[in-house]
Amino acid sequence: MNHKIVIIEDNEPLNDVFCEIINSTENYKVVGSYLNAEDAILYFKEDLPHIVLMDIELPKMNGIQCTKEIKKISPNTIIIMVTVYENSETVFDALCAGASGYLTKNATSEKLINALEEALSGGAPMSINIAKMVVQSFQRAPETILTERETEVLTKLSRGSSYKSIAIDLAISPNTIKYHIKNIYDKLQVHTKEDAIREASDRKLI
């Protein structure tokens, strides 16, 4: 059986390389190759792939948003993120959106095919560095109710940093900062930045 693959990658030479590697195998066939998320979604029901190789940094709609849209159309489709960034925040955003695994763009052809096989067998392919980040992010201090990233955001806020500057410092989007702030407010049961900082300080969370 040929497993159907769709590639969404805006770097055209890399897209071509992925197509060539996959089509040279017996078990996999590229049924759709796209340079942006919008076209991939438009033709998704025609392609109906088993696996999508998804670039995170796409021109308009990014790979994480595209993953969410594809999962709405076809929850069982396996999505493997492909990116140059080994960034734990991006990893979590991708996995939370429904991605099954993660590959860096410099992965060898052997690693690429192994990742397809691993994902099809129910595994979660990802590089050792990314796996370590995921594990470390789950190793929270038991006495704190805030995650490592939430603590980081609140600490920077307490030092007078703006949302924008925190987003730049942590290499995440301002919207992600707002998401963290909302979670912090919910957990500390407060409604303002000042109250959050005071409550966290009183409870020795920052």
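Along each chain, the written sequence defines residue order, and numbers are assigned to residues from 1. Local features in this predicted model are restricted to residues of pLDDT 70 or higher, and side-chain atom pairs are both shown and tallied only at a pLDDT of 80 or more, whereas totals for entire chains, interfaces and linings draw on every residue. Here the side-chain values reflect all heavy atoms present in the structure, with hydrogen atoms and water set aside.

### Describing the environment of K4
Okay, step 1: Secondary structure elements are defined from DSSP: runs of H or I of at least 4 residues count as helices, runs of E of at least 2 residues count as strands, and each element is numbered from the N terminus. One can find K4 in strand β1 (residues 3–8).
Okay, step 2: Relative accessible area serves as the criterion here: at 28%, K4 is assigned to the partly exposed category.
Okay, step 3: Sequence-wise, K4 and P49 are 45 residues apart; in three dimensions their C-alpha atoms are separated by 4.7 Å.
Okay, step 4: By definition in these notes, contact holds between two residues if any of their heavy atoms fall within 4.5 Å. Dropping the residues within four chain positions of it, K4 is found in contact with K29, V31, D47, L48, P49, H50 and I51.
Okay, step 5: In the analysis that follows, any N or O atom pair within 3.5 Å is treated as a polar contact, provided that within protein one partner can donate a hydrogen and the other can accept it, and provided that, for residues neighboring in sequence, both atoms belong to side chains. A polar contact is formed between the side chain of K4 and the backbone oxygen of L48, at a distance of 3.3 Å. When a residue's accessible area, from a 1.4 Å probe over protein chains only, is under 20% of the maximum for its type it is buried; when over 50% it is exposed; and in between it is partly exposed.

### So, the nonpolar core
Okay, step 1: We define the nonpolar core as a collection of buried residues of types Ala, Val, Leu, Ile, Met, Phe, Trp, Tyr and Cys that are connected through side-chain atoms lying within 4.5 Å of one another. Grouped together as the largest cluster of nonpolar side chains are 21 residues, with contacts concentrated most on I8, V52, M54, I70, M81 and Y102.
Okay, step 2: Elements with a contribution of two residues or more to this core: β1, α2 (37–42), β3 (51–55), α4 (63–73), β4 (78–83) and α5 (88–97).
Okay, step 3: Grouped together as the second largest cluster of nonpolar side chains are 20 residues, V30, I113, A115 and L116 included.

### A look at the sheet that holds β4
Okay, step 1: For two strands to be treated as a pair, DSSP must find at least two bridges joining them. Strands sit in the order β2-β1-β3-β4-β5 across an open sheet of 5 strands; the sheet is parallel. Among the strands making up the open sheet, the edge pair consists of β2 (28–34) and β5 (101–104). Across this sheet, the average inter-strand angle for adjacent strands is 25°, counted without regard to direction.
Okay, step 2: Of the strand pairs in this sheet, β4 and β5 are connected by 4 bridges, and their pairing is parallel. Bridge pairing in β5 links I80 to G101.
Okay, step 3: The strands touched by helix α1 (residues 12–23) are β1, β2, β3 and β4; relative to β2, the strand with the most contacts, the crossing angle is about 160°.
Okay, step 4: With respect to the sheet, helix α6 (residues 109–120) is in contact with β1, β2, β3, β4 and β5, its orientation differing from that of β4 by roughly 150°. To obtain each axis, a line is fitted to C-alpha atoms, and for helices this fit is confined to the stretch in contact; angles are then taken between N-to-C directions over 0 to 180 degrees.

### Quick look at the packing of α1 against α6
Okay, step 1: At a minimum axis separation of 10 Å, α1 and α6 run at an interaxial angle of 65°. Viewed along their axes, α1 and α6 adopt a mutual orientation that is roughly perpendicular. Remark: the crossing between α1 and α6 carries right-handed chirality. Residue-level contacts link F18, I21 and I22 of α1 to S109, L112, I113 and L116 of α6.
Okay, step 2: Taken together, the residues of the contact of α1 with α6 sort by class into 6 nonpolar, 1 polar and no charged. Throughout, the term roughly parallel applies to angles under 35 degrees, roughly antiparallel to angles over 145, roughly perpendicular to angles from 65 to 115, and oblique to all others. Crossing handedness is read from the near helix: turned anticlockwise from the far helix by less than a right angle, it gives a left-handed crossing, and turned clockwise, a right-handed one. Here the term charged refers only to Asp, Glu, Lys and Arg, the term nonpolar to Ala, Val, Leu, Ile, Met, Phe, Trp, Tyr, Cys and Pro, and the term polar to all other amino acids, Gly among them.

### Focus on unusual backbone geometry
Okay, step 1: Of note, L48 is a non-glycine position whose phi angle comes to about 40°, a positive value.
Okay, step 2: As for its placement among the helices and strands, L48 is situated in the loop between α3 (44–47) and β3.
Okay, step 3: Classification of L48 as partly exposed rests on a relative accessible area of 46%.

### Considerations on the packing of helix α9 (residues 163–170) against helix α10 (residues 174–188)
Helix-helix packing is described using two parameters, namely the angle between the two axes and the distance between the axes.
Okay, step 1: At a minimum axis distance of 9 Å, the contact between α9 and α10 shows a crossing angle of 110°. On the basis of their axis angle, the class for α9 and α10 is roughly perpendicular. Together, Y163, I166, A167 and L170 of α9 and P174, I177, K178, I181 and Y185 of α10 make up the contact between the two elements.
Okay, step 2: The residue inventory of the contact of α9 with α10, partitioned by class, reads 8 nonpolar, no polar and 1 charged.

### What about the pairing of β1?
Okay, step 1: Extensive coverage of β1 is indicated by the burial of 5 of its 6 residues.
Okay, step 2: Where β1 and β2 come together, 6 bridges link them in parallel fashion. Its bridge partner lying in β2, K4 is registered against K29.
Okay, step 3: Whether a crossover is right-handed depends on one test, that the path from the first strand over the helix to the second runs clockwise when the strands point away from the viewer. After leaving β1, the chain enters α1 and then returns to the sheet as β2, a path that is right-handed.
Okay, step 4: With 4 bridges joining them, β1 and β3 adopt parallel strand pairing. From the neighbouring strand, V6 faces β3, where its bridge partner is V52.

### Section: helix α11 (residues 193–202)
Okay, step 1: When α11 is considered as a whole, its buried residues turn out to be A196, I197 and A200. For α11, the angular spread of buried residues about the axis comes to 95°, placing them on one side.
Okay, step 2: As for α11, its buried residues are in contact with α8 (148–158) and α10.
Okay, step 3: Looking one or two residues beyond α11, the residue adopting positive phi is K204, at roughly 55°. Starting at the helix axis, one direction is taken to each C-beta atom, and the arc is that of these directions.

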